[in-house]
Amino acid sequence: MKAFAVDEVQNSQENPCFRAVELDLPHVGEHDVLIEVKAISVNPLDVKRRMLAPVLEPQLRARVLGWDASGLVTRIGEKVSLFKVGDEVYCAGEINRSGSYAQYLAVDERIVGFKPRTLSFERSAALALTSITAWEGLFERLRIKPNFESVKAPVAHPHYAQNRQKSILIIGGAGGVGSMAIQLAHHVAGLHVVATASRGQSVQWCKDLGAHEVVDHTRDLVEQVRALGLKFVDHVFILNDSDQHFDAACELLAPQGLICSIVPNHRPLNMDALRAKSAGLVWEAMFVRSKERTEDMLEQHHLLNEVSRLVDLGVLKDTSTQVYSPIDAEHLRQAHLDLQTHRTIGKIVLAGFE
Ligand SMILES: NC(=O)c1ccc[n+]([C@@H]2O[C@H](COP(=O)([O-])OP(=O)(O)OC[C@H]3O[C@@H](n4cnc5c(N)ncnc54)[C@H](OP(=O)(O)O)[C@@H]3O)[C@@H](O)[C@H]2O)c1
């Protein structure tokens, strides 16, 4: 199969470089589905792993990155029960396996979902990794109650009413994860959503997705949120720069509240600020279930199916903002350069092999 590997000779932090390689089809384990990749999307993780690949995977002949993918199931392992050949699926891959910058991807069926029927492969490829992260962060780590049983009429649903007065601050609202988190927090949980964005275009994007208010993460967050009339927020979801935003998150968090972060800190975080409020910090790491083979990894299959259902109902919108075609070394380079600006809005997708 055709794949695109990191070009270790030319690649550097500033100069993303990939080369076309011919590889054998991936091994299909007993719980795996083999997906013929139709489209992929890139994530900041791809950029981080591009530089780390030789260290983390020195034994590999070709380092193929990429996690998000959508495509067709072409083979199934002996114990696969959720899918059959021909199913249209999407997934966020597995952190320690060869990736989705390739014509075929083998993934454990328990972390694969049926793609939304109403979206193309291109649009579906944007969704999996960010949806899993946003969903697990909100509904599992922060323990917010979702309203996914009857979200057809969200305003009338009891959970919606119950959550209506509660608020969430989503830091990094216009990014890939933020774009799903805003929608889930507003349209599925019925929270009052304050998101952060720093530019006219990203502010508008957050509002279009359902943010009630948008504040600027380059300015004083506490001052801006207080100016909205909110002394505290019930939840804080940190999707960008824990070091920069943790103190403000603690100050704005309601007593007994929870902060969830998906990004590491590089300096010690002040736990006293949480202790004084009887509050807590939880971490979301979306690859933990598949990496550790946790007993509940099937939950990711269910949540991806639920996201598809909500997309098909029109509750959730697709978050892709840029599609490059075909999937090749030059477009991968461009997508990585885009990500490295730290200013992308929504998701970047690549579609089709030549
Ligand atoms: N733990 C996990 O499971 C997990 C999963 C997915 C992602 N992640 C990590 O989470 C981070 C976000 O991922 P993503 O895909 O959402 O990223 P992204 O799409 O690259 O985020 C881009 C957005 O970040 C905003 N931004 C830039 N600098 C910021 C800052 N200092 N504070 C707040 N916002 C800032 C920008 O908004 P403006 O242009 O408006 O400034 C831009 O819209 C990445 O570090 C990624 O590796 C972790």
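Residues numbered from 1 in each chain as written. Predicted model: local features only at pLDDT ≥ 70, side-chain atom pairs only at ≥ 80, totals over all residues. Heavy atoms only, no water.

(A) Up close: unusual backbone geometry. The step from S325 to P326 runs through a cis peptide bond, and the omega angle for that step is 0°. Relative to the helices and strands, P326 is located in the loop between β14 (320–324) and α12 (329–339). The backbone phi angle of R143 is positive, close to 60°, even though this residue is not glycine. The topology assignment puts R143 in the loop between α3 (128–141) and α4 (158–164). R143 gets classed as exposed once you look at its relative accessible area, which sits at 62%. Notably, S278 is not glycine yet its phi reads approximately 55°, a positive angle. Within the secondary structure layout, S278 lies in the loop between α9 (271–275) and β13 (280–283). (Helix = DSSP H or I, 4+ residues; strand = E, 2+ residues; numbered from the N terminus. Buried < 20%, exposed > 50% of the residue type's maximum accessible area, 1.4 Å probe, protein only.)

(B) Summary view of the site of the ligand. K48, S198, S202, H217 and M286 are the nearest of the 27 residues found near the ligand. With respect to the ligand, the side chain of H217 contributes an N or O atom lying 2.8 Å from an oxygen atom. T344 places a main-chain nitrogen or oxygen 2.9 Å from an oxygen atom of the ligand. Surface burial for the ligand is 88%, taken as the share of its 940 Å² of free accessible area covered by protein chains. For the shell around the ligand, the residue count by class is 10 nonpolar, 12 polar and 5 charged. (Near = heavy atom within 4 Å. Polar contact = N/O pair within 3.5 Å; in protein donor to acceptor, adjacent residues only side chain to side chain. Areas by Shrake-Rupley, 256 points an atom, 1.4 Å probe, with all protein chains shown as cover. Nonpolar A, V, L, I, M, F, W, Y, C, P; charged D, E, K, R; others polar.)

(C) Representation of the domain arrangement of the chain. Segmentation of the chain into domains returns domain 1 (2–127 + 289–351) and domain 2 (140–286). Each of domain 1 and domain 2 has a C-alpha centre, and the two are 27 Å apart. Carbon and sulfur atoms make up 62% of the area that domain 1 and domain 2 hide from each other, which totals about 1,800 Å². Scanning the region where domain 1 abuts domain 2 turns up 1 salt bridge. We note a salt bridge from E140 to R289, for which the minimum N-O separation is 2.6 Å. Looking at the side of domain 1 that touches domain 2, the element that brings in the most residues is helix α11 (residues 299–312), giving 5 residues. Across the side of domain 1 that touches domain 2, the residue classes tally to 8 nonpolar, 5 polar and 6 charged. (Domains from an automatic or database assignment. Buried area = accessible area lost by both parts, 1.4 Å probe. Salt bridge = Lys/Arg side-chain N within 4 Å of Asp/Glu carboxyl O.)

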